[in-house]
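Examining the three-dimensional arrangement
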Amino acid sequence: MAGKNNTINYVEFNVSDIEASKAFYGTVFGWQFKDYGPQYCEFSDGNMTGGFTTTAPVKAEGGALVILYADNLEPTLEAVKKAGGTIVEYIFEFPGGRRFHFKDLDGYELAVWTQN
């Protein structure tokens, strides 16, 4: 199967402060942003796009786990902490690689993994 059919195309986060979310994800992961008014911002990681919105309440608990990739986990973990994120599971090994989990400024839990 090739192309966009049946692939994740967009991820959207309800956030409390768009500018703070942009600063966090821009600082840690280098994401780029495009504003669509005061209540919506699109982000791009260079591979996939998504959005930050303030149009609904933050619901950080109980959703799918978004997992990001990094070539080197240690500097990414430190960048998460420096930008105000909270490490909820430090680096651990699993079959196929290593990863850690963190919560962003609104309490969303995400993970970062690497093959190394």
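Structure's up top.
Cut-offs and rules
- Residues numbered from 1 in each chain as written.
- Predicted model: local features only at pLDDT ≥ 70, side-chain atom pairs only at ≥ 80, totals over all residues.
- Heavy atoms only, no water.
- Buried < 20%, exposed > 50% of the residue type's maximum accessible area, 1.4 Å probe, protein only.
- Helix = DSSP H or I, 4+ residues; strand = E, 2+ residues; numbered from the N terminus.
- Pairing = 2+ DSSP bridges.
- Contact = heavy atoms within 4.5 Å.
- Arc of directions from axis to C-beta.
- Polar contact = N/O pair within 3.5 Å; in protein donor to acceptor, adjacent residues only side chain to side chain.

1. Brief notes about the pairing of strand β7 (residues 97-103)
Burial of β7 is extensive: six of the seven residues sit out of reach of the surface. Of the pairings in the sheet, the one linking strand β6 (residues 86-94) to β7 comprises six bridges and is antiparallel in character. Its bridge partner being in β7, F92 is matched across the sheet by R99. Linking β6 to β7, which pair antiparallel, is a turn of two residues; within it G96 sits at a positive phi near 105°. Once β7 ends, the chain turns through five residues before running back antiparallel as strand β8 (residues 109-114), passing G107 with a positive phi of about 95°.

2. Some words on the environment of E42
Tracing the backbone through its elements, the reader meets E42 in strand β3 (residues 40-44). In this structure, the C-alpha to C-alpha distance between E42 and V80, residues 38 residues apart in sequence, is 20 Å. When neighbours within four sequence positions are excluded, E42 is seen to be in contact with Y10, Q32, F33, K34, Y36, T49, G50 and G51.

3. What about helix α2 (residues 73-82)?
Every buried residue of α2 is accounted for by L73, T76, L77 and V80. Down the axis of α2, the buried side of the element spans an arc of 100°, and every buried residue falls inside it. Buried residues belonging to α2 abut α1 (18-29), β6, β7 and β8. Between the side-chain oxygen of the N-cap and the backbone nitrogen of E74 there are 3.5 Å, and the N-cap of α2 in question is N72. Downstream of α2 by a residue or two, G84 has a phi angle that is positive, lying close to 105°.

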